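Chains, contacts and geometry: an overview
Chain by chain, the residues:
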Amino acid sequence: MTDVARAARPKTSIWNDRDFRAVVAQVATVGTILAVALYLFNNTRTNLEARHIASGFGFLKSESGFGISEHVIEFSPASTYLRALLVGLLNTLKVAAAGIVLATIWGTLIGIARLSSNWLIRQLTSWYVEIFRNTPLLLQLFLWYVVLTQSLPAARQALHPLPGVSLSQKGLFYPVLEGEPVHLWMAVLFLVGIALAWLWTRRAKALQAATGQPSPLLLPVLGCLIGPPLVAWAIAGFPFRLEIPELRGFNFAGGASISPELTALLFGLVIYTASYIAEIVRAGILAVPRGQTEAARALGLPGGRILRLVVLPQALRVIVPLVTSQYLNLTKNSSLAVAIGFPDLMSVTNTTMNQTGQSVEAIALLMAVYLTISLTISAFMNWYNARIRLVER
Amino acid sequence: MSTADLPVVPVQQAPTVRIGALQWLRTNLFNTWYNAVLSVLALALICLVVERAVGWGLIGAVWSGPASACTEDTGACWAVLGEKGRFIVFGRYTYDEQWRPLVFLLLFVGLVGVSTFRRLWSKWLGLAWALGLIAMGVLMWGGVLGLRFVSHEDWGGLPLTVILAVTAGTFGFPIGIVLALGRRSRLPAIRAVSVAYIELIRGVPLITVLFMAAVMFPLFLPPGMNFDKLLRVVVGLMLFEAAYIAEVVRGGLQALPKGQYEAADALGLTYWRKTRLIVLPQALRLVIPGLVNTFIGLFKDTSLVVIIGLFDFLFGAKTALNDPVWRSAYIEVYLFVAAVYFCFCFFMSKYSQSLERDLQKSARR
Amino acid sequence: MSTAATAVASQAAAGNEVMIELAGVNKWYGEFHVLREINLSVHRGERIVICGPSGSGKSTLIRCINRLEEHQKGRIVVEGIELTNDVKNVDQIRREVGMVFQQFNLFPHLTVLENCCLAPIWVRKMPRAEAEKIAMHYLERVRIPEQARKFPGQLSGGQQQRVAIARALCMSPKVMLFDEPTSALDPEMIKEVLDVMVGLAQDGMTMLCVTHEMGFARTVADRIIFMDRGEIVEMAPPKEFFSNPRSERTKQFLSQILEH
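Computed from a predicted model, the values in this text were never measured in an experiment. (Residues numbered from 1 in each chain as written. Chains lettered and ligands numbered in written order. Predicted model: local features only at pLDDT ≥ 70, side-chain atom pairs only at ≥ 80, totals over all residues. Heavy atoms only, no water.)

1. Observations concerning the nonpolar core
- Counting 229 residues, the largest nonpolar core has C:Ile165 and C:Met176 as its most contacted members.
- When residues of this core are assigned to their parent elements, the largest contribution, 13 residues, is made by helix 14 (residues 330–364) of chain B.
- In contact with C:Met176, not counting residues within four places along its chain, are C:Gly98, C:Val100, C:Ile165, C:Ala168, C:Leu169, C:Leu200, C:Met205, C:Thr206, C:Met207 and C:Leu208.
- If you look at the next biggest cluster of nonpolar residues, it comprises 19 residues, including B:Leu181, B:Ala246, B:Val249 and B:Val287. (Core = buried A, V, L, I, M, F, W, Y, C linked by side-chain atoms within 4.5 Å. Buried < 20%, exposed > 50% of the residue type's maximum accessible area, 1.4 Å probe, protein only. Helix = DSSP H or I, 4+ residues; strand = E, 2+ residues; numbered from the N terminus. Contact = heavy atoms within 4.5 Å.)

2. Observations concerning the pairing of strand 1 (residues 18–29) of chain C
Residues and elements named next belong to chain C.
- One ladder, built from 8 bridges, connects strand 1 with strand 2 (residues 32–43); its direction is antiparallel. Its bridge partner lying in strand 2, Trp 28 is registered against His 33.
- Here strand 1 folds back onto strand 2 in antiparallel fashion, the turn holding 2 residues, of which Gly 30 has a positive phi close to 65°.
- Strand direction decides the pairing type here: strand 1 and strand 4 (residues 73–78), joined by 5 bridges, are antiparallel. Paired with Ala 23 across the bridge in strand 4 is Arg 75. (Pairing = 2+ DSSP bridges.)

3. Brief notes about the packing of aromatic side chains
All names here are of chain B.
- In this structure the tally under the stated criterion is 25 aromatic pairs over all chains.
- When the ring of Phe 299 is compared with that of Phe 344, the centres are 5.1 Å apart and the planes differ by 25°; the resulting orientation is stacked. Pair noted here: Phe 299 is in helix 12 (residues 288–301) and Phe 344 is in helix 14, with a separation of 45 residues, a long-range link. The burial state of Phe 299 is the same as that of Phe 344; both residues are buried.
- Ring centres of Phe 346 and Phe 347 lie 5.9 Å apart, and the angle between their planes is 70°; this geometry places the pair in the edge-to-face category.
- Note on Phe 347: relative accessible area 56%, which makes it exposed. (Phe/Tyr/Trp six-rings, centres within 6.5 Å; stacked < 30°, edge-to-face > 60°.)

4. A few points about helix 7 (residues 187–202) of chain C
Residue and element names in this part refer to chain C.
- Here helix 7 contains 16 residues, and its C-alpha end-to-end distance of 23 Å stays within 8% of the 22 Å for a straight helix at 1.5 Å per residue.
- Met 189, Ile 190, Val 193, Leu 194, Val 196, Met 197, Leu 200 and Ala 201 are the residues of helix 7 that are buried. Buried positions in helix 7, seen along its axis, are confined to an arc of 155° and lie on one side of it. Helix 7 presents Glu 188 and Lys 191 as exposed residues on the side facing more than 90 degrees away from its buried surface.
- Positive backbone phi, approximately 95°, marks Gly 204, located one or two places after helix 7. (Expected span 1.5 Å × (residues − 1). Arc of directions from axis to C-beta.)

Encoded structure:
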């Protein structure tokens, strides 16, 4: 700066200086927050001492002393609390994954039905969406749970909708395939089939680019995926043995099962979230300006191609961010399992809290885990959004 | 090639479009073969369901009497509502004074109904709400004007649900605004604190915040001080909803054209004056539908207090069903509760949609 | 092209075969009679400009020709194919008729080149290399070949509309329909689009153009049609139309728009 400029700058009181005030404001805010936090922390420590409750995360190594009815990994009352929380987390992830897949499928179907030219279908789906969106999820879960545990008959009079499958108060039992050596080959060939299908798709695209004639896609891909495993199975002589659940006493044994709690939780979550996803799908498709379909029709493109090449790419840009936040909601809502007795992360943490009394550590851990899951899903969504953003000036 | 006197063509009647029932059915239900199939299936399904529902719910139903009147063979046991209805709706509130929560509910519904008319939005409406809330408080607590005192520990049922939602919403709203402004602040520390709070709360389920409120808040107070359970829950709900309200308000702040901010700055307004007089009035108006939607979510979220043992509307239903005598009447009870929630939420959401349409129309002018 | 040459060309065009025939076409929106007894024959090589106040039905008229709107009474025959609910007919007609919209309606998720190649690849089943060659040819024709790899969002309004014209031309249509192509453009960009349209006309393309640009009409049109309240009020070559309008309504309209 020149001397003139320096001399010409008027002397302002430091209190009026914008940057100084900014610093003061920030220091004051952060300082107050820290002071309050410190105060709360001190109080907590005093209170915990007074109640003779331990602090720290040492409890994670102690024996849990309770059982968990559904566990993906080995668990017994002799396992540690840490292992219990892990089992709960795996259950939460299991419910979240299954719920997301099923809710997406069901929600998309309903969303497309909302746009149907059939008035009756439109009305029915509209009522579906309104009913399930305007009642609390917890109420729906209670209703599903009580229907599944009281309306269904006892194990001895179980319903058999399909041979080998039984539906009763004890849950849904279904037969599982017994392992055969040929299954390994079938799995391997299936993977090979995926690679073949991918190669075929590439070749079909190149062929169309070169000659203009589109090649058949659906049947060859299905053939690649199903054919080789089918052949292997045939060679092995079509082995097919089912482990069928049998009634023993008051319950079933053998086969695989889905507990009423899990069924109620999944049902409730899927049906509730699907109603939101349906509206998002509908909004996304409606968001594509009419001019786009008109221009595509004016060019002579047939309906199916218009959907695939013009409407869906644009609709997905609206749908994906909104649907991702619904996935987040579904994952968080799975914590309501604590109300119907499914041992997810929330339930297990609740039990742990009650037994050890160390609520501060338990809740902190709980929140940290859910926060991590949420932030991961959000990060993925941000990455996806940035990638498909429409390029503009 | 050139044409001169083209005759003036008179307006003709539209061709007989046959807007009769038959034509409507043809275009809306049976226009393609698969639609026809779907329509037939759907109609069959509806007939089946309606027949079963009417048979169970109306014709074979038992409307009053003791539990023994409802056996395996009768239909719906609506008698449970006669017996347990007041318990479910009003909780453990003193039986003889239950007209007070009833008036409370009517007052609330009345105030909300009046507020839906945009023409009445003014200072007078705000005053009406303030007076109404005081009246509602007096009704519930009593102790003055010759009304018997009823401690808030005995409050329950639907009035409690309304109180939870309204209090958490009212007090969470200013916190949400502050957070939204903080998130858009130039000052990095304030922005960081706002973002951290909002992302933390939005990343965890409500039930964890409620647990924290129920279990941890008493630990935060110096030993000896008591933190009332209802207050704990309200504070927890408030802090939770504030984060969601903040995101909605932030949307409005972003949607406001930059020119508004610049014009206010050019006029020499300070930050807080600018925010209070120019930015917030416009931004909030932009997101009223979003705020109503958040309130609907809050109303449904209050049902979670069941899990921490607060006696709200859903808790009433659950407790009523614990009575072994009425244990099998679960569908009737839950349907009743669902119907009430549905009425509240459905009308609020329809209102929010019509509000959105109105605001869009007036914005375009 | 000099006016004399233009006159000779229009005379020649008049003798050509009829490409589009509208006979007794009527359309209603509910109770509102939006097209009234429209009778019109468009010959090959003719350039027709349609003007009129808003709500007169001019856009509806040309949108009926490629079945973006349906007429309820009368016949529309394009290149010997009658427009009915027969899907095959409609597809065939859309291949031969190109349309340019007021709002451009370019596909924002595809590049300029992909916008132009989309229909030739999927409708005319052309190999990609050939489609791209044709696309680049027309992009040069509209004078923006260098924007081929850009996205529509990165172009100005005038450039986008020129891409829209190229996209329609890539299907090698026999007739081009223009629905107020310059109405959504800033004034300085109108000229570049009109220049492209004049070039098209000079190459002998059959055109129906709904527009307010009277200068363009005067230079290029063989016939100018004035529509009001759903009917064709006046139809004449530009010289006659502007100097000697017959109907009162035409006179009133011209006085309003020629003032600027």
